[in-house]
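# Architecture at a glance
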Amino acid sequence: MFKVDAEANFKTLGVEFYRSVKTMGNFVPAVTVGKIMFLAGNGPRMADGKYVTGKVGPGQGQLTIEQGYEASKLAAVSMLSNIKSELGDLNRVKRVIKVFGMVNADPSFTAHPKVINGFSDLIIKVFGDCGKHARSAVGVSGLVGDITVEIEMVVELR
């Protein structure tokens, strides 16, 4: 795998990095052990600081797969913003290793991977082949603040 310019790729998305926010508990946004960085769960934060909320599913008033996919992309922007805040430069990421995505879903909904694809697709746009990762996508009965998705990530650093 060759090195890509993740910073330049992020700029082509037409979005800006979010400002850091305090965590919602007694934990930190990232922990680095050697050359491995473990990133805490990120939700679908919008540029105004609010979050996309609600369950994905077939029910009245629930979000569609497409809306969940877009929420997942917002979680990716939030995650990349945390990496930028922690490291100062996305290009310090050598490889995305693992993604764990949780979807706030109706019990009858089973297309969790299609929702988390929004996160994965955006991460791969930024990091290229180095962004291809192992992944789990699961449905849960609820997430803090009723956010639509929460996604964790593990990366290798240069």
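One structure accompanies this document, and this report is about it. Everything quoted here is computed from the prediction, not taken from an experiment.

The next subject is the overall build of the protein. The number of helices and strands found in the protein is three helices and five strands. Along its sequence from the N terminus, the protein presents helices and strands in the succession α-β-β-α-β-α-β-β. Since a compact globule built from 158 residues should have a radius of gyration of about 15 Å, the 15 Å found for the protein is in line with a globular shape. Viewed in the frame of its principal axes, the protein has a C-alpha envelope of about 45 × 35 × 30 Å. Buried residues in the protein amount to 42% of all 158 residues. Intrachain contacts of the protein at a sequence separation of at least 6 include 82% that bridge at least 24 residues. Here the protein displays about 8100 Å² of accessible surface, and carbon together with sulfur accounts for 54% of that area. Across the protein, the 19 positively charged side chains and the 15 negatively charged ones have centroids separated by 5 Å.

If you add up the space inside the largest pocket, you get close to 370 Å³. Of all elements in the fold, only strand S2 (36-42) and helix H2 (65-87) reach the threshold of two or more residues within the lining of the largest pocket. With three residues, S2 is the largest single contributor of residues to the lining of the largest pocket. When its residues are assigned to classes, the lining of the largest pocket shows eight nonpolar, six polar and three charged. Size it by volume and the second largest pocket reaches roughly 190 Å³. For the lining of the second largest pocket, the elements supplying multiple residues, two or more each, are H2 and helix H3 (112-127). The biggest single contributor to the lining of the second largest pocket is H2, with four residues. Of the residues assigned to the lining of the second largest pocket, the class counts are seven nonpolar, no polar and four charged.

Inspection of every chain in the model, using the stated rule, returns one cavity of 30 Å³ or more. Considered as a void within the structure, the largest cavity measures approximately 40 Å³ in volume. Around the largest cavity, the lining residues are Val4, Ala6, Leu90, Asn91, Val93, Lys94, Phe127, Cys130 and Arg158. Of the residues belonging to the lining of the largest cavity, the class tally is six nonpolar, one polar and two charged.

Below, the discussion takes up a nonpolar patch on the surface. On the surface, a nonpolar cluster with roughly 350 Å² of combined accessible area is contributed by Val28, Val31, Val33 and Phe38. Locating Val28 in the fold gives a position in the loop between helix H1 (6-11) and strand S1 (30-33). The partly exposed category is assigned to Val28, whose relative accessible area is 47%.

Basis of the calculations
- Residues numbered from 1 in each chain as written.
- Predicted model: local features only at pLDDT ≥ 70, side-chain atom pairs only at ≥ 80, totals over all residues.
- Heavy atoms only, no water.
- Helix = DSSP H or I, 4+ residues; strand = E, 2+ residues; numbered from the N terminus.
- Rg over C-alpha atoms; globule rule 2.2 N^0.38 Å.
- Buried < 20%, exposed > 50% of the residue type's maximum accessible area, 1.4 Å probe, protein only.
- Contact = heavy atoms within 4.5 Å.
- Areas by Shrake-Rupley, 256 points an atom, 1.4 Å probe, with all protein chains shown as cover.
- Lys, Arg positive; Asp, Glu negative; His and termini not counted.
- Charge placed at Lys NZ, Arg CZ, Asp CG, Glu CD.
- 1 Å grid on protein atoms, 1.4 Å probe; cavity = no way out; pocket = protein on both sides within 12 Å on 5 of 7 lines; lining within 4 Å.
- Points joined across faces, edges and corners; volume = space filled by probe spheres on them.
- Nonpolar A, V, L, I, M, F, W, Y, C, P; charged D, E, K, R; others polar.
- Patch = residues over 30% accessible without salt bridge, like charges linked within 9 Å, V, L, I, M, F, W, Y side chains within 5 Å.
- Salt bridge = Lys/Arg side-chain N within 4 Å of Asp/Glu carboxyl O.

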